[in-house]
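# Structural features, examined
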Amino acid sequence: MTPYETTNHFLQEAFDILGLDENYKRLLRTPSRELRVEVVLPRDDGTVESIIGYRVQHDNARGPYKGGLRYHPKVDEDEVRSLASLMTWKTAVVGVPYGGAKGGIAIQPRDYSQAELERLTRAFVRQIHDFIGPDQDIPAPDVNTNATVMGWFFDEYTRLHGFKPGVVTGKPVELHGSLGRGSATGRGCMFALREVLAAAGDSMEGKRVVVQGFGNVGSWGAHLMAEQGAKIIATSDINGGIFNADGLDIPALRDHVERTGSVVDFPGSTPISNDDLLVADCDVLMPAALGHVLTADNAGDVKAKYVLEGANGPCTAEGDAILERNGVVCIPDIYANAGGVTVSYFEWVQNLQNFKWTEEKVNAELDAIMTRAHETLRGVMEEFGVSLRKAAFIQAVRAVKSATDLRGLQ
Ligand code: NAD
């Protein structure tokens, strides 16, 4: 199954449980608009490249389209469509007033200079600017894009449309960004795990955690879970993984990554491959890199009791079914990693009001939203006798359908 087919598989399970008719299923599945644009990039060496960029706007029944922008060689229509759809359901699960969208540019950012990435970002904004805006579609960071890229994005849009900081979130704090946005997705993951453990009468204290991907989501998640008493025994990045049964010193590891650009060769750790790391003996496995890493081939070997989906779409449909059959509790992406879009919402609110919240307020409001969403999902799990993932899709589909019906289809 492709990523988009996988997302539709999870949706279909919710549609079937709710007994929706075929026309409605098609309406909720189909993206509203798909932009495929050519981005022309003059390279530093004087040559010119033509690169393809995408923005898929999936649904806006509950509010403006919202979703990240990814720079990665594997970006294509199918992946962006899948990620846009997931955003529709994610914003509904946590109840922030947005729909879903996603963007992507098919490049390997390592092969480009900072100046080239800036020209590329600005050229992409010029290609899509008529279709985005603070009350239309609001991008944000995702894999290989960060606050700096969002700063360029804001500046280029503002040159075309006047001062509109709310056009994009995840901006630098000095440039209308929100305090707490950098840590938001990892913090939301930590809150989600805390709530799921608490519902089982358990806590994070002493839990052995493995984190795949030590980028924004993985490194913040690891840091905050360790602060709550968990032991991070392994982590990785694209260059390889590291293991220490006694727990990795996360602040020291973050310094090491800052200095060397990778987790590899962290003093006191032994190497572990990204494949072995997924099936390592642990209590919690947090995939926080790319999608489709837990599949029919390896899900049966997962030893963790909990899978905390920091990444979007880390489980294939087959992988998910195997985990559920084996009693592994999956904390699904559309709930677990919704902290990012939630604090993006806080940033947008601050931008619209030209008012700055304290970091304490941001973190407390995020905690309240993640905790409330978990309570709602518990109720749905009991009502339908389903897993957390199915409950999340059921809750999201109900919310989007209800907004669609209330707005009317005339
Ligand atoms: P990032 O670019 O900051 O970090 C990605 C990490 O994954 C890096 O450490 C990278 O080296 C590693 N990686 C990449 N390919 C890998 C591979 N093949 N094997 C192992 N590691 C690999 O990205 P991020 O923002 O942390 O996003 C990670 C995931 O979380 C993505 O799936 C993204 O869609 C999802 N997500 C991010 C946010 C956010 O706010 N940044 C919000 C929700 C979901």
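Up top you'll find the structure we're talking about.
Bear in mind the structure is a predicted one, so any value in this text is a computation, not a measurement.

As a further point, take the site of the ligand. Not every one of the 21 residues close to the ligand is listed here, only the nearest: Arg70, Asp142, Thr185, Ala289 and Asn312. Contact between the ligand and glycine 215: an oxygen atom at 3.2 Å from a main-chain N or O atom of the residue. Asparagine 312 is positioned such that a nitrogen or oxygen atom in its side chain is 2.8 Å from an oxygen atom of the ligand. Coverage of the ligand by the protein chains reaches 83% of its 830 Å² of free accessible surface. Only α6 (181-199) and α7 (216-227) provide two or more residues apiece to the shell around the ligand. Class assignment of the residues belonging to the shell around the ligand gives a composition of eight nonpolar, nine polar and four charged. Residue assignment places the shell around the ligand across two domains, with domain 1 (31-165) and domain 2 (184-336) each supplying three or more.

What follows deals with the sheet that holds strand β3 (residues 65-71). Spatially, five strands are ordered β1-β2-β4-β3-β5 in an open sheet, and the strand pairing comes out mixed. Either end of the sheet is taken by a strand with one partner, and the two such strands are β1 (33-42) and β5 (137-141). Sheet twist, expressed as the average angle between the axes of neighbouring strands with direction ignored, equals 20°.

Okay, the pattern of salt bridges next. Inspection of the entire model under this criterion finds 29 salt bridges. Note that lysine 102 and aspartate 142 form a salt bridge whose closest N and O atoms lie 3.2 Å from each other. You can see lysine 102 sitting in strand β4 (residues 100-105) and its partner aspartate 142 sitting in the loop between β5 and α5 (147-161), a full 40 residues away along the chain. No difference in accessibility class separates lysine 102 from aspartate 142, as the two residues are buried.

Within the structure shown, the criterion is met by zero disulfides. No disulfide involves cysteine 189; its sulfur sits 13 Å from that of cysteine 330, the nearest cysteine. Distance from the sulfur of cysteine 282, which forms no disulfide, to the nearest cysteine sulfur (cysteine 330) is 13 Å. On the accessibility criterion, cysteine 282 (1% relative accessible area) is buried.

The rules we used
- Residues numbered from 1 in each chain as written.
- Predicted model: local features only at pLDDT ≥ 70, side-chain atom pairs only at ≥ 80, totals over all residues.
- Heavy atoms only, no water.
- Near = heavy atom within 4 Å.
- Polar contact = N/O pair within 3.5 Å; in protein donor to acceptor, adjacent residues only side chain to side chain.
- Areas by Shrake-Rupley, 256 points an atom, 1.4 Å probe, with all protein chains shown as cover.
- Helix = DSSP H or I, 4+ residues; strand = E, 2+ residues; numbered from the N terminus.
- Nonpolar A, V, L, I, M, F, W, Y, C, P; charged D, E, K, R; others polar.
- Domains from an automatic or database assignment.
- Pairing = 2+ DSSP bridges.
- Axes fitted to C-alpha atoms, helices over the stretch in contact; angles between N-to-C directions.
- Salt bridge = Lys/Arg side-chain N within 4 Å of Asp/Glu carboxyl O.
- Buried < 20%, exposed > 50% of the residue type's maximum accessible area, 1.4 Å probe, protein only.
- Disulfide = S-S within 2.5 Å.

It is worth stressing that arrangement in space is one thing and function is another; only the former is reported here.
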